[in-house]
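Close look at the chain arrangement
Here's the letter readout for the chains.
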Amino acid sequence: MADKLFGLIDLNWRFELTKFKLIRNLFKSRWFPLLAIIFNLFIFVIILIAGLIGGFSAGNYNFGIMIVWILWWVMLMFILVPIFSRAWCLMCPFPVFSDWLQRGALFVVTGLKLKGLGLKWPKALKNMWVMNILFLVTTFFSGFFTVRPLATFILLGGIILLAFLIGLVFEKRSFCLYVCPVSGFQGLYSQFAMAEVRRKDPEICKNHKVKTCYVGNECGYGCPWMLTPFNFTKNTYCGMCLECFKSCPHDNMAFNLRPPGVDLLVDEKRGLDEAWKAFIMLGIAMVFFLTMQGPWGFLKDWVRGTSLKGYLTFISLHTAFSLLVVPAIFFFFSYLSKAFSGAKEVSLKKIFTNFSYTLVPLGLGVWIAFSVGIILPNGSYILHIISDPFAWGWNLFGTRSVPWTPVFTGALGHLQGAVLVVFYLFSLAYGARLSRQTYPAEEQAKRGWIPILIFLTLATLAFLWLYIG
Amino acid sequence: MKSHKVTRSQGHMKSIRAITLFSFIVYGLWLMTPPVEAAERFFEIKAKKFSYTPNIITVNRGDTVKIRLLSEDVHHGFFVDGYGIKTSAHPGMEGSLKFIADKAGRYTVRCSVTCGEFHPYMVGYLVVGPNSRFWLYAAIVLVIGIGSILTLRVKKING
């Protein structure tokens, strides 16, 4: 019998968008996604200039701050990740310089031999830990780069430079795969996405002796993310660069729409690094809400660094909460799960790791609800800054004088509440299935699921209280 | 097999309908609850980069709320989400607001005048009790959670 999400949607349902000639041709063209990358590069040049000349001015009237931390962030959490997976990676301009250097060309395929030192990334670091730590450390400066144009310039400039340097030394997209602070949470949450890149017919791949999707050919480069597209099973590390569409001589790659969250049930490469990414994201969401959407002035002073003592207190508490407290609470409920289940043969590590994926839908919901609270009150500033990106008195689109106008903020509580409830439902739906994967027997799975279900309920209530209570 | 699938699907729909209906009934009853002793409430609020003191104002639905806004440093605003009303204050020049708190829930108060780098995050809360919004969604979450545990007794874990 088909396994149906909420008894309604067959988890095996797929709708292939690349069966439409227009989309298939677009994906196979070398102009795509390069044109999107070049367009974003242009936008990021404006962002960097605005950041540099904006200096220490108030961020709400700065192009860089508004586009990156209001528009881009919200687009990422609202649309790109939950619907299109790593669609941002597809069009991200940060690694374009190292790609150019390695390939010696921007548009055409120059050959299979890439330039640069091409070193292998250290095996011990082939996981999400570097990204986890880098993202957490980046948030230490949230009180600066989300409001100070110059801080945004330094952050983005630093990331672009780091991407380039790592591209010089290490092979292909090692930076995207193992370092980029934005990559980790996109990978984690893209497991929930409603789109995927997958092979169509496994037999074709099996009989295709030269795996051109991996090694490349005259039409496309071998997977820059060093994956094997012929056996993709989950979205986490696929950067959607679309090279496999170009290099496959059999047109055997597909871009599918699918039910949200199905990757959460793929028991492959689950690990503590991804588990901690889920905890860190929940911790950061709570800290960001307290400091940005909460009314407590002393917390804002801490993150702004008005005193060294306050700033260090913020960093210490934030780190301890995200890296230790959240995982410790979850560990306690995992321990209860094992105890309730009575399944002595199942390791606590497996229970802890497997159930951590229940935090993916809830975490995404928490971030979407947080982002609603950012875009609705502050979105109108974007109309101002697109007309006057460098604060030079321009009025390019006639919107420079549009006053600050909060939109639908009266309904904010309902929107945030509804989002949390919907994603809580997804967490429960997948959590029960994960329990069945974790424990060998149905009854054990039922009993072992209850403590985790209670944890998810309490976590949802905690965020509800924080956001609207 | 097919009829079994239909039954399960219908069962889910029934559960969802029951939860939705229950939640709306609770919410409706809450909304119909008459305000408790509507009174006039006065608050003197001091604004300073980037917070208000007091930072949370709690009133009952139906109360008449009078605000006196004082600024301790630069020009600050005071915009109330959901009510769409605002005032502002310069140092030495106060602002005032008067409104009837007829909408229950927690509403964010925002600075409406760019006052510095952290301005977009200068917020306070107006809590108009009872906070029916929060209790509505909390009740839904609890009903779903308890319902999920109860249904474990009668049905298989998948599907």
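Residues numbered from 1 in each chain as written. Chains lettered and ligands numbered in written order. Predicted model: local features only at pLDDT ≥ 70, side-chain atom pairs only at ≥ 80, totals over all residues.

1. Focus: the overall build of chain A
For chain A, the count of helices and strands is 21 helices and 5 strands. In terms of C-alpha radius of gyration, chain A reaches 23 Å, essentially the compact-globule figure of 23 Å for 469 residues. Counting only C-alpha atoms and orienting by the principal axes, one finds that chain A spans roughly 65 × 55 × 40 Å. Of the contacts made within chain A by residues no fewer than 6 positions apart, 78% connect residues no fewer than 24 positions apart. (Helix = DSSP H or I, 4+ residues; strand = E, 2+ residues; numbered from the N terminus. Rg over C-alpha atoms; globule rule 2.2 N^0.38 Å. Contact = placed C-beta atoms within 7 Å.)

2. Section: the packing of helix 2 (residues 34-54) of chain A against helix 8 (residues 149-169) of chain A
All names here are of chain A. Their axes nearest at 6 Å, the elements helix 2 and helix 8 cross at an angle of 135°. It follows that helix 2 is oblique to helix 8 by the angle criterion. Seen along the crossing, helix 2 lies across helix 8 with a hand that is left-handed. Across the interface between the two elements, Phe 44, Ile 47, Leu 48, Ala 50, Gly 51, Leu 52 and Gly 54 from helix 2 touch Pro 149, Leu 150, Thr 152, Phe 153, Leu 156 and Gly 157 from helix 8. Among the residues forming the contact of helix 2 with helix 8, the class breakdown is 9 nonpolar, 4 polar and no charged. (Axes fitted to C-alpha atoms, helices over the stretch in contact; angles between N-to-C directions. Parallel < 35°, antiparallel > 145°, perpendicular 65-115°, else oblique. Left-handed = near helix turned anticlockwise from the far one by under 90°. Nonpolar A, V, L, I, M, F, W, Y, C, P; charged D, E, K, R; others polar.)

3. Points about the pairing of strand 1 (residues 40-48) of chain B
For a regular strand, side-chain orientation follows a simple rule: the groups alternate between the two sheet faces. All names here are of chain B. Where strand 1 and strand 4 (residues 64-71) come together, 8 bridges link them in parallel fashion. Note on strand 4: the bridge partner recorded for Glu 40 is Thr 64. Relative to strand 2 (residues 51-53), strand 1 runs antiparallel, the two sharing 3 bridges. Paired with Lys 46 across the strands is Thr 53, a residue of strand 2. Hairpin geometry of strand 1 and strand 2 is characterised by an intervening segment of 2 residues between the two adjacent antiparallel strands. (Pairing = 2+ DSSP bridges.)

4. Examining helix 17 (residues 348-356) of chain A
Residues Ile351(A), Phe352(A), Asn354(A), Phe355(A) and Ser356(A) constitute the buried set of helix 17 of chain A. At its buried positions, helix 17 of chain A is contacted by helix 14 (272-293), helix 16 (308-341), helix 18 (359-378), helix 20 (412-438) and helix 21 (442-468) of chain A. (Buried ≥ 20, exposed ≤ 12 C-beta atoms within 10 Å, placed from the backbone.)

5. What about the sheet that holds strand 3 (residues 56-60) of chain B?
Residue and element names in this part refer to chain B. A sheet is described by the order of its strands in space; here 5 strands give the open sequence 3-9-8-5-6, paired in mixed fashion. Of all the strands in the sheet, just strand 3 and strand 6 (85-89) have a single pairing partner and so form its edges. Along the sheet, successive strands turn relative to each other by an average axial angle of 20°, direction set aside. Relative to strand 9 (residues 123-129), strand 8 (residues 105-110) runs antiparallel, the two being bridged by 6 bridges. Directly across from Gly 105, in strand 9, lies its bridge partner Val 128.

6. Considerations on the environment of Val74(A)
Along the chain, Val74(A) turns up in helix 3 (residues 63-84). The residues contacting Val74(A), other than those within four sequence positions of it, are Ser371(A), Ile374(A) and Ile375(A).

7. Overview of unusual backbone geometry
Following Lys49(B), the chain continues to Phe50(B) via a peptide bond in cis, the omega torsion being -5°. Along the chain, Phe50(B) turns up in the loop between strand 1 and strand 2. The amide bond that connects Gly129(B) to the next residue, Pro130(B), takes the cis arrangement and shows omega of -5°. The residue Pro130(B) is located in the loop between strand 9 and helix 2 (132-151) in this model. One non-glycine residue, Met240(A), adopts positive backbone phi at about 55°. Turning to its location among the elements, Met240(A) is positioned in the loop between helix 12 (212-215) and helix 13 (243-247). For Met240(A), a count of 25 C-beta atoms within 10 Å translates into the label buried. Even without being a glycine, Leu242(A) presents a positive backbone phi close to 75°. Within the secondary structure, Leu242(A) is located in the loop between helix 12 and helix 13. Taking the C-beta count within 10 Å as the criterion, Leu242(A) has 22 such neighbours and is therefore assigned buried.

8. Observations concerning the domain arrangement of chain A
Residue and element names in this part refer to chain A. Segmenting chain A into domains produces domain 1 (15-264) and domain 2 (288-468). Here the C-alpha centre of domain 2 lies 24 Å away from the C-alpha centre of domain 1. Across the boundary between the two partners, domain 1 contributes 28 residues, which contact 29 residues of domain 2. When residues of the side of domain 1 that touches domain 2 are traced back to their parent elements, those giving at least two are helix 2, helix 3, helix 7 (142-145) and helix 10 (181-189). With 9 residues, helix 3 is the single largest residue contributor to the side of domain 1 that touches domain 2. Here the residues of the side of domain 1 that touches domain 2 sort into 21 nonpolar, 7 polar and no charged. (Domains from an automatic or database assignment.)

9. Some remarks on the nonpolar core
All names here are of chain A. Formed by 150 residues in total, the largest nonpolar core has its most connected members in Leu 282, Ala 285 and Val 360. Considering each element in turn, this core owes the most residues, 13 residues, to helix 14. Beyond its immediate stretch of four places on either side in the chain, Ala 285 contacts Val 366, Trp 367 and Phe 370. (Core = buried A, V, L, I, M, F, W, Y, C linked by C-beta atoms within 7 Å.)

10. Here we look at the confidence of the model for chain B
Residues and elements named next belong to chain B. Considering every residue of chain B, the mean pLDDT works out to 87; 79% of them sit at 70 or more. Note that residues 1-6 has pLDDT below 50 and, in this model, 2 contacts with residues that lie over four places away or in other chains. Listed scores for the predicted complex are pTM 0.93 and ipTM 0.92. (pLDDT = per-residue confidence, 0-100.)

11. Comments concerning the interface of chain A and chain B
The interface is formed by 50 residues belonging to chain A together with 44 residues belonging to chain B. When residues of the side of chain A that touches chain B are traced back to their parent elements, those giving at least two are helix 14, helix 15 (297-304), helix 18, helix 20 and helix 21 of chain A. The element best represented in the side of chain A that touches chain B is helix 20 of chain A, accounting for 13 residues. Class assignment of the residues belonging to the side of chain A that touches chain B gives a composition of 26 nonpolar, 15 polar and 9 charged.

12. A look at the packing of helix 21 of chain A against helix 2 of chain B
For the pair helix 21 of chain A and helix 2 of chain B, interaxial distance at closest approach is 10 Å and the crossing angle is 175°. Taken as axis vectors, helix 21 of chain A and helix 2 of chain B run roughly antiparallel relative to one another. Contacts between helix 21 of chain A and helix 2 of chain B involve Ile450(A), Leu453(A), Thr457(A), Thr460(A), Leu461(A), Leu464(A), Trp465(A) and Ile468(A) from the former and Arg133(B), Phe134(B), Tyr137(B), Ala138(B), Val141(B), Gly145(B), Ser148(B) and Ile149(B) from the latter. Considering only residue class, the contact of helix 21 of chain A with helix 2 of chain B consists of 11 nonpolar, 4 polar and 1 charged.

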